[in-house]
Amino acid sequence: MTVDAPSLAPGAARRRRARSSGGTSLTRSSGLGLGVALTWFSLLVLIPLSLVVIQSIDGGWETFRQTLTNPQTAAALRLTVTQALIVTAINVVMGTLIAWVLVRDDFPGKRVLEVVIDIPFALPTIVAGLVLLSLYGPDSPLGVNVANTERSVFLALLFVTLPFVVRTVQPVLMELDRDVEEAAASLGAGRFTTLRRIILPSLAPAITAGAALSFARGISEYGSLVLLSGNLPLKTEVASVRILTYIENGNDAAAASVATILLLVALAAIVLLQVISSWVARRG
Amino acid sequence: MGIEIRGVNKNFGDFVALQDIDLSIPSGQLTALLGPSGGGKSTLLRIIAGLESADSGTIEIEGLDATGLPAQKRNVGFVFQHYAAFKHMTVEKNVAFGLEIRKKPKDEVKRRVAELLRLVHLEQFSHRLPAQLSGGQRQRMALARALAIEPSVLLLDEPFGALDAKVRKELREWLRRLHDEVHVTTVFVTHDQEEALEVADSLVVINEGRIEQIGTPDDLYDRPASEFVLSFLGPVTRLGDSLIRPHDIDFTRYEHAATTSGRITRWTRVGFEIRLEVTPDDTLHPDPVQVIVTRTEATALQLHEGAQVWLRPRAGAEAVVS
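Just so it is clear, the model here is predicted, and its values are computed rather than measured.

A. View of the sheet that holds strand β7 (residues 153–157) of chain B. All names here are of chain B. As summarised here, the arrangement of the six strands in space is β6-β7-β8-β3-β9-β10, forming an open sheet in which the pairing is mixed. Since the sheet does not close on itself, it has two edges, and those belong to β6 (76–79) and β10 (210–215), each with one partner. Averaged over all neighbouring strand pairs, the angle between strand axes comes to 15°, with direction disregarded. Looking at chain direction, β6 and β7 are connected through four bridges and run parallel. Opposite Val79, over in β7, you have Leu156 as the bridge partner.

Below is the structure:
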């Protein structure tokens, strides 16, 4: 029945309790599955992440504090987080809108657009950087030069995170029953009320997932923005560039400190988004 | 009063969904739109609700011209085949939705919702989510939600179509009783003739975008206006020159003045009834005749496969000669 795990002997009581309260007990195959999944997850995610955290506090809290109070690092972190936040907010709106258009409307060139949406996914980030540099750099054919400004970071992030919300919302929107909207209409709800009380609550989990992905990608982006932003300290340098600099200078503990901060910010964002999502879903 | 439909036409591209529909649905009655799938009955219901717009023609609901009104303003309760439940809201919230839209005071909403949940026997489920209800319960919730706004008409689109046979039977009896209590003008769409005959005060048979016949269940069953209505309302078979219901055929084991004689070539027992196929000896009408007898009749006549029988219409049987 349950997995043979002698080391879990104290857990036996807990297992029994779980069973008596209607909880599930593991069969041999599901136990094996859980074991493999956990091992895999530990090797790839848990162990490396813990190592980073350990490394960051290894040098004592002093290194940690010093790294964070370093004006250049603080500026880089601030820039990264604000730009990622703004970009995510825009993606939430635009991504949902694009998904809506792709699912609900029929227009010539729809299939092409479907493919184009994925290009930021498919493109190696450094290639994206090159594209952006040639489009919005000093030799811009459009006459728009944002190189070496904060806006270059913003633009690069916007470019690479575009597909996330679109791709998470689209399938949910496709599954959404038209009946439900018609039911709301026949009960007297206008377009806006239906959107707010019926459609958005159903989409909230998908939007949240997309936003979380978009934000995570935003704070970790490197390849697409290094070329255009110029990595000017205190101005356009982002956290990932900062980490690289620390490592190049042999200051691994400082690099790990920045990484830990990014990790915490990402976690906080995911938790916050979850809370917002369940709030929207409940309020409907 | 009731619902007045005049000269309604609707095309989907090349497909003619409805053609010159004129129909008066009386107030306070339960009317069934009956017909085969794709015949246009659901389209007509959706046009009444304002979920679809007619290409031409007018709709009047309780004396009010509704032709140009959007669904939101028609004050129509609509129940969908697949429940259309608001999945993220509790049963209570679902039912309250229409009232909240109408900005009714909180305590009135609460009272009305409780009243309706009692009416549909869901009061103990008020805090559940639709996903935690069975199909029948979900449809009752949808009905309560539609009734909450005190609609001038209640429209049901194949309301029991997604339910299993037993629940379907229970629910239609329950709908009949509910209608006797609430008395709101009700139109429901079905392709199940048994459902329509059992529940409705009057039937409208629709086929290929046209109305075939309007009348009470008895009218339609006993005096069908066309071969289509006759065959749609129940099984029919051809006996000699006329169409007749298989259970309206009388037969004997001994030669007498009969319409047809032949041998029993098929024998299917379904519960209390036995479905027979008799292959006529008459070479002019070689198609087998379907006959339904009860088990008791079959035993009394000592019928068996291969037996020679003589068939004629029963006294009082209604038949359409074609």
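B. Geometry of unusual backbone geometry. One non-glycine residue, A:Leu234, adopts positive backbone phi at about 70°. Tracing the sequence through the fold places A:Leu234 in the loop between α11 (223–229) and α12 (239–248). Of note, B:Tyr83 is a non-glycine position whose phi angle comes to about 70°, a positive value. Turning to its location among the elements, B:Tyr83 is positioned in the loop between β6 and α2 (91–101).

C. Region of interest: the interface of chain A and chain B. Contacts between chain A and chain B engage 20 residues on the former and 22 residues on the latter. The junction of chain A with chain B conceals about 1,800 Å² of combined surface from both sides, 62% of it contributed by carbon and sulfur atoms. The largest share of the area that chain A buries against chain B comes from A:Ser186, A:Leu187 and A:Arg197, three residues that together contribute 37% of it. Connecting chain A to chain B are five residue pairs in polar contact (both at pLDDT 80 or more). Going through the elements one at a time, α9 (178–186) and α10 (191–220) of chain A are the ones with two or more residues in the side of chain A that touches chain B. Ranked by residue count, the leading element in the side of chain A that touches chain B is α9(A), at seven residues. Among the residues forming the side of chain A that touches chain B, the class breakdown is nine nonpolar, six polar and five charged.

D. Layout of the nonpolar core. By size, the foremost hydrophobic cluster in this structure holds 44 residues, and its most contacted members are B:Val95, B:Leu143, B:Leu154 and B:Leu203. The biggest single contributor to this core is helix α4 (residues 135–148) of chain B, with seven residues. Setting aside chain neighbours within four positions, we find B:Leu143 in contact with B:Val79, B:Leu154, B:Leu156, B:Trp174, B:Leu175 and B:Leu178. Among the nonpolar cores identified, the runner-up in size contains 40 residues, and A:Ala183, A:Leu187, B:Phe97 and B:Val153 belong to it.

E. A look at the domain arrangement of chain A. Residues and elements named next belong to chain A. For chain A, the assigned domains are domain 1 (26–56) and domain 2 (61–283). Computed from C-alpha atoms alone, the centre-to-centre distance between domain 1 and domain 2 is 28 Å. Contacts between domain 1 and domain 2 engage five residues on the former and eight residues on the latter. Carbon and sulfur atoms make up 70% of the area that domain 1 and domain 2 hide from each other, which totals about 510 Å².

F. A look at the sheet that holds strand β2 (residues 15–25) of chain B. Residues and elements named next belong to chain B. Strand order in this open sheet of four strands is β2-β1-β4-β5, and the pairing throughout is antiparallel. Both outer strands of the open sheet, β2 and β5 (64–65), are each paired with one neighbouring strand and no more. In the sheet, strand β1 (residues 3–12) pairs with strand β4 (residues 56–61) via five bridges, with the strands oriented antiparallel. Paired with Arg6 across the two strands is Thr58, which belongs to β4. Across the face of the sheet, helix α1 (residues 41–49) comes into contact with β1, β2 and β4 while running at roughly 120° to β1.

G. Geometry of the environment of A:Glu150. Residue and element names in this part refer to chain A. Looking at the element boundaries, Glu150 is found in helix α8 (residues 150–175). By relative accessible area, Glu150 is classed as partly exposed at 45%. Between the alpha carbons of Glu150 and Asn231 there is a distance of 9.9 Å; along the sequence they are 81 residues apart. What Glu150 contacts, discounting residues up to four positions off in sequence, is Leu79, Gln83, Lys235 and Thr236.

H. α9(A), seen in detail. Counted residue by residue, α9(A) has eight buried out of nine residues, so it is predominantly covered. Here α9(A) has its buried residues at A:Asp179, A:Val180, A:Glu181, A:Glu182, A:Ala183, A:Ala184, A:Ala185 and A:Ser186. Along its buried surface, α9(A) packs onto α4 (71–104) and α10 of chain A together with α1, β6, α2 and α4 of chain B. Just beyond α9(A), the residue with positive phi is A:Gly188, at close to 105°.

I. Inspection of the pattern of salt bridges at higher detail. Residue and element names in this part refer to chain B. Going through the model one piece at a time under the given rule, you end up with 30 salt bridges over all chains. Note that Glu115 is salt-bridged to Arg112, the shortest N-O span being 3.1 Å. Of the two residues, Glu115 and Arg112 are both situated in helix α3 (residues 106–119); the distance of three residues between them amounts to about one turn of the helix. Of the charged contacts in the structure, one is a salt bridge between Asp192 and Arg172, with a shortest N-O distance of 3.7 Å. In this pair, Asp192 sits in the loop between β8 (185–190) and α6 (193–199) while Arg172 sits in helix α5 (residues 165–182), placing the two residues 20 residues apart along the sequence. When sorted by exposure, Asp192 lands in the same class as Arg172, which is buried.

J. Local environment of a nonpolar patch on the surface. All names here are of chain A. On the surface, a cluster of nonpolar side chains totalling about 1,100 Å² of accessible area is made up of Leu34, Leu38, Trp40, Phe41, Leu43, Leu44, Val45, Leu46, Ile47, Leu49, Leu51 and Ile54. On the secondary structure map, Ile47 appears in helix α2 (residues 28–58). Of the residues examined, Ile47 reaches a relative accessible area of 45% and is grouped as partly exposed.

K. The pairing of β2(B), seen in detail. Residue and element names in this part refer to chain B. The sheet contact formed by β1 and β2 spans seven bridges and is antiparallel. Looking at the pairing, Lys10 lines up with Leu18 of β2. Hairpin geometry of β1 and β2 is characterised by an intervening segment of two residues between the two adjacent antiparallel strands and by a positive phi of about 60° at Gly13.

The rules behind the values
Residues numbered from 1 in each chain as written. Chains lettered and ligands numbered in written order. Predicted model: local features only at pLDDT ≥ 70, side-chain atom pairs only at ≥ 80, totals over all residues. Heavy atoms only, no water. Pairing = 2+ DSSP bridges. Helix = DSSP H or I, 4+ residues; strand = E, 2+ residues; numbered from the N terminus. Axes fitted to C-alpha atoms, helices over the stretch in contact; angles between N-to-C directions. Contact = heavy atoms within 4.5 Å. Buried area = accessible area lost by both parts, 1.4 Å probe. Polar contact = N/O pair within 3.5 Å; in protein donor to acceptor, adjacent residues only side chain to side chain. Nonpolar A, V, L, I, M, F, W, Y, C, P; charged D, E, K, R; others polar. Core = buried A, V, L, I, M, F, W, Y, C linked by side-chain atoms within 4.5 Å. Buried < 20%, exposed > 50% of the residue type's maximum accessible area, 1.4 Å probe, protein only. Domains from an automatic or database assignment. Salt bridge = Lys/Arg side-chain N within 4 Å of Asp/Glu carboxyl O. Patch = residues over 30% accessible without salt bridge, like charges linked within 9 Å, V, L, I, M, F, W, Y side chains within 5 Å. Areas by Shrake-Rupley, 256 points an atom, 1.4 Å probe, with all protein chains shown as cover.

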